[in-house]
Amino acid sequence: MTTRYEVKEGDCLASIAFEHGFAVDSIWEHPDNAELKKARGDGYTLLPGDLVTIPDLVPKAVPCVTGRTHRFRRRNVPEILRLELYDDEKPRARVAYTVEIDGRKSEGVTTDKGEIAVPIPPNARQGTLVLEDTSETFVLQLGRLAPASHASGALARLVNLGYVETAEQKELGEALLAFQRAAELEETGVLDEATIARLIEEHGS
């Protein structure tokens, strides 16, 4: 018998699937989630209050030979956190960094495109990113990005892209105008379909 899970702040499809013992696709592709999938488009950008159908777990039997070691790995575990760092429009290339998630540290150097990719638990909620060249520290709020079609989601992306400094509702119109101007879209200051699509493309999610 399926159950209905109400999304809470900080939840995403990866955390929900992990905590209920499923792979992401097993939940997202369930027919009862088709309407939610159409509305959100992306299971990683859900809104608190959304209802997700959780199917019953079905035990899986795997034949094994005794006397040997066998390794089993859950799909989507770990998840990969991907970031792109810029200074104005220039990628912050070859910068040493430390990411700490749930007490576990990952160290590395950004790519020539300013990219970072580190494994994280699917249900991670928060972490920090420290850049060694400037000692800048960023707090990472994981699973809190709303859909781009939602005002809070659009503002969060515009903040990340540098079009506005704070995610305050009053800033949305001016930030959208600036984004539309830079993207060579019709300057309406409205979160229309063309702007949403371009915002997702520029932001990467």
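None of these values were measured; they are calculated from a predicted model.

## Section: the overall build of the protein
Counting its regular elements, the protein contains 6 helices and 10 strands. Once the C-alpha set of the protein is aligned to its principal axes, its extents read approximately 65 × 40 × 25 Å. When each of the 205 residues of the protein is scored for burial, the buried share is 34%. Surface summary for the protein: the accessible area is close to 13,000 Å², and the carbon and sulfur share equals 49%. The distance from the centre of the 24 positive side-chain charges to the centre of the 35 negative ones in the protein is 9 Å.

## Points about the environment of Ser135
Its location among the elements puts Ser135 in the loop between β9 (126–131) and β10 (136–141). With 38 residues separating them along the chain, Ser135 and Tyr97 place their C-alpha atoms 9.1 Å apart.

## Notes on the sheet that holds strand β7 (residues 104–109)
With respect to topology, 4 strands assemble into an open sheet ordered β7-β6-β9-β10, the strand pairing being antiparallel. A single partner strand is all that each edge strand has here, and the edge strands are β7 and β10. Each neighbouring strand pair of the sheet contributes to a mean axis angle of 20°, computed without reference to strand direction.

## Observations concerning the confidence of the model for the protein
Scored by pLDDT, the protein comes out at a mean of 92, with 100% of its residues at no less than 70. Across the protein, strand β2 (residues 51–54) holds the top mean pLDDT of 97, while strand β4 (residues 86–87) sits lowest at 90.

## Structural notes on empty space enclosed by the protein
Using a probe with the size of a water molecule, rolled over the atoms, empty space left in the structure can be pinpointed. In this structure the tally under the stated criterion is 1 cavity of 30 Å³ or more. Roughly 50 Å³ of volume is contained in the largest cavity. In terms of lining residues, the largest cavity is bounded by Val99, Ile101, Arg104, Ser106, Pro119, Ile120 and Pro121. If you list the elements that add at least two residues to the lining of the largest cavity, you get β6 (96–101), β7 and β8 (115–120). Along the lines of polarity and charge, the residues of the lining of the largest cavity split into 5 nonpolar, 1 polar and 1 charged.

## Points about helix α4 (residues 151–160)
Along an α-helix, residues three or four apart share an orientation, since each turn contains 3.6 residues. What α4 keeps buried is the set Gly153, Ala154, Leu155, Arg157 and Leu158. On its buried side, α4 packs onto α5 (172–182) and α6 (193–203).

## So, the side chain of Arg157
Mapped onto the secondary structure, Arg157 falls in helix α4. Buried Arg157, no salt bridge; nearest opposite-charge side chain is Asp42, N-O distance 5.9 Å. In terms of polar contacts, Arg157 uses its side chain to reach the backbone carbonyl oxygen of Ser205, at 2.9 Å. Sequence-distant contacts of Arg157, that is, excluding residues within four places in its chain, are made with Thr45, Leu145, Ala146, Pro147, Ala148, Leu199, His203 and Ser205.

Here is what the cut-offs are and how they apply
- Sequence positions are assigned chain by chain, starting from 1 and proceeding in written order.
- Where totals are concerned, whole chains, interfaces and linings use all residues; where local detail is concerned, this predicted model gives features only for residues with pLDDT of at least 70, and gives and counts side-chain atom pairs only at 80 or more.
- Processing note: side-chain calculations cover all non-hydrogen atoms of the structure and skip hydrogens and water entirely.
- Numbering goes from the N terminus for both helices and strands, where a helix is a DSSP run of H or I of at least four residues and a strand is a run of E of at least two.
- We call a residue buried when its accessible area falls under 20% of the maximum for its residue type, exposed when it is over 50%, and partly exposed in between, using a 1.4 Å probe and counting protein chains only.
- Using the Shrake-Rupley algorithm and a 1.4 Å probe, accessible areas are obtained, with residue cover drawn only from the displayed protein chains.
- We count Lys and Arg on the positive side and Asp and Glu on the negative side, and we leave His and both chain ends out.
- Note on charges: their place is set at NZ of Lys, CZ of Arg, CG of Asp or CD of Glu.
- Whether two strands pair depends on DSSP finding at least two bridges between them.
- For helices, the axis comes from a line fit to the C-alpha atoms of the stretch in contact; other axes are also lines fit to C-alpha atoms, and the angle between any two N-to-C directions lies between 0 and 180 degrees.
- Scored from 0 to 100, pLDDT reflects the predictor's confidence in each residue.
- A 1.4 Å probe that fits into a set of points on a 1 Å grid over the protein atoms alone but cannot get out defines a cavity; an open set with protein on both sides within 12 Å along at least five of seven lines defines a pocket, and lining residues are those with an atom within 4 Å of a point.
- Grid points are joined across faces, edges and corners, and a volume is the space filled by probe spheres set on the points.
- In this classification, the charged set is Asp, Glu, Lys and Arg, the nonpolar set is Ala, Val, Leu, Ile, Met, Phe, Trp, Tyr, Cys and Pro, and all remaining amino acids, among them Gly, are polar.
- Contact definition: two residues touch when any of their heavy atoms are within 4.5 Å.
- Any carboxyl oxygen of Asp or Glu within 4 Å of a side-chain nitrogen of Lys or Arg constitutes a salt bridge here.
- N or O atoms closer than or at 3.5 Å make up a polar contact, with two conditions inside protein: a donor-capable atom paired with an acceptor-capable one, and, for residues adjacent in sequence, both atoms drawn from side chains.

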